[in-house]
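# Chain and residue survey
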Amino acid sequence: MAKVLLAEDDGAVRDMLRTSLERDGFEVVAVANVCEALSRIAVENFDVLLSDLHMPLAGDGFTVVSAMRHTHPNAVTLVLSGYPELDEALSAIRLQADEVLVKPIQIACLREIIREKLSHPVVRRPPATLSVASILEHDLDATVQAWMELVGQNEELTCIPLNFAERTGHLPNLLADLIYRLRMPATEKAAFSFAAHEHGDLRRRQGYTAAMMVEESRILQVSIFRTLQNNLSSVDFSQVLLDVMTIADEVDSQLKQAMLSFVGPEPAQSAA
């Protein structure tokens, strides 16, 4: 019995496809989002992926396709899209989806496509992969530039005039600390970030508010994940969920250390 991973955020469509495929003799694991799909791909074997292109964001399906292709290179990968734009179709092909199917699709047609592709398997080598740490190290400048572009669109942050060096000077060291953390054994405790400590002190002297510090940190996480999104074809998905949690934890830890420096030492209490 062929095992199908069905990734679709629309509950009615998901239930309809699951029921129909199970009636046709397939074992179906149905998930509603990218996170659930990646979790299943990491621990289970699948013969077929059937993924919506948007769950709910454009590109979500590409993330799932890339994960499946890296983890289970011989699985049949099919993408469902209600918006068959040329650019999206080309992107799906670049990520090695076997076929892009336009919604709505007839169940009989879908069944025929799946069975035909399963009966004529294509043996593929797993694509070459890079660790998340290596990707961030290689694309450090691009991540900094992406961060700066987002900050430049933020009226709250740009109300304080700073040049590029003053605005971004802390980022290479913060990212270096993050990359070091990603390469540490999971059992080791994260090191104190001197870069974060210095950043908090600098931002206080530059006139930032606490809310602005938090917003900068949020944008940093967005920029980091955009860098990973731009490198989906080479991400090592065997560790990606753990790495994503580590990134969130490290960036939040750096923010805490920066905020402690930002508010400064507690004033000494006078003797009674």
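A count of helical and extended segments in the protein gives 13 helices and 5 strands. Each principal axis of the C-alpha distribution contributes one length, and for the protein these read about 80 × 40 × 40 Å. Across the 272 residues of the protein, 48% fall into the buried class. The long-range fraction of contacts in the protein, counting pairs at least 24 apart against all pairs at least 6 apart in sequence, stands at 72%.

Counting through the fold element by element, Leu 50 comes out in strand β3 (residues 48-52). We classify Leu 50 as buried; its relative accessible area is 0%. Expressed as a C-alpha distance, the spacing of Leu 50 and Val 100, which sit 50 residues apart in the sequence, is 9.9 Å. The residues contacting Leu 50, other than those within four sequence positions of it, are Val 4, Leu 5, Leu 6, Ala 7, Leu 17, Leu 21, Leu 78, Leu 80 and Leu 110.

In this section: the environment of Ser 131. Within the secondary structure, Ser 131 is located in the loop between α5 (107-119) and α6 (132-138). Ser 131 sits 107 residues away from Ser 238 along the chain, and the two C-alpha atoms are 9.3 Å apart. A distance of 2.9 Å separates the side chain of Ser 131 from the side chain of Ser 134, its partner in a polar contact.

Further remarks concern the packing of helix α7 (residues 140-152) against helix α10 (residues 171-183). Remark: α7 packs on α10, axes separated minimally by 10 Å, with the N-to-C direction vectors making an angle of 125°. With respect to α10, the axis of α7 lies oblique. The handedness of the crossing between α7 and α10 comes out as right-handed. Mapping the contact onto sequence places Leu 140, Thr 143, Val 144 and Trp 147 in α7 and Leu 171, Pro 172 and Leu 175 in α10. Taken together, the residues of the contact of α7 with α10 break down into 6 nonpolar, 1 polar and no charged.

Taking burial as the measure, the 5 residues of strand β1 (residues 3-7) include 5 buried ones, the bulk of the element. Alternating residues of β1 divide into Lys 3, Leu 5 and Ala 7 and Val 4 and Leu 6, and every residue in both groups is buried. Pairing geometry for β1 and strand β2 (residues 27-31), over 5 bridges, is parallel. Looking at the pairing, Lys 3 lines up with Glu 27 of β2. Once the chain exits β1 it traverses helix α1 (residues 11-23) before rejoining the sheet at β2, and the crossover so formed is right-handed. Pairing geometry for β1 and β3, over 4 bridges, is parallel. Within β3, the position partnered with Ala 7 by the bridge is Ser 51.

It is worth spelling out the nonpolar core at this point. By size, the foremost hydrophobic cluster in this structure holds 58 residues, and its most contacted members are Leu 5, Leu 136, Leu 220, Ile 224 and Ile 247. A total of 7 residues in this core trace back to one element, the largest contributor, which is helix α13 (residues 240-263). In this view, Leu 5 contacts Val 29, Val 31, Ala 37, Arg 40, Ile 41, Phe 46, Val 48, Leu 49, Leu 50 and Met 68; residues no more than four positions away in its chain are not counted. With 18 residues, the next largest nonpolar core counts Leu 21, Val 28, Val 76 and Leu 110 among its residues.

Here is what the cut-offs are and how they apply
Residues numbered from 1 in each chain as written. Predicted model: local features only at pLDDT ≥ 70, side-chain atom pairs only at ≥ 80, totals over all residues. Heavy atoms only, no water. Helix = DSSP H or I, 4+ residues; strand = E, 2+ residues; numbered from the N terminus. Buried < 20%, exposed > 50% of the residue type's maximum accessible area, 1.4 Å probe, protein only. Contact = heavy atoms within 4.5 Å. Polar contact = N/O pair within 3.5 Å; in protein donor to acceptor, adjacent residues only side chain to side chain. Axes fitted to C-alpha atoms, helices over the stretch in contact; angles between N-to-C directions. Parallel < 35°, antiparallel > 145°, perpendicular 65-115°, else oblique. Left-handed = near helix turned anticlockwise from the far one by under 90°. Nonpolar A, V, L, I, M, F, W, Y, C, P; charged D, E, K, R; others polar. Pairing = 2+ DSSP bridges. Right-handed = clockwise from strand over helix to strand, strands pointing away. Core = buried A, V, L, I, M, F, W, Y, C linked by side-chain atoms within 4.5 Å.

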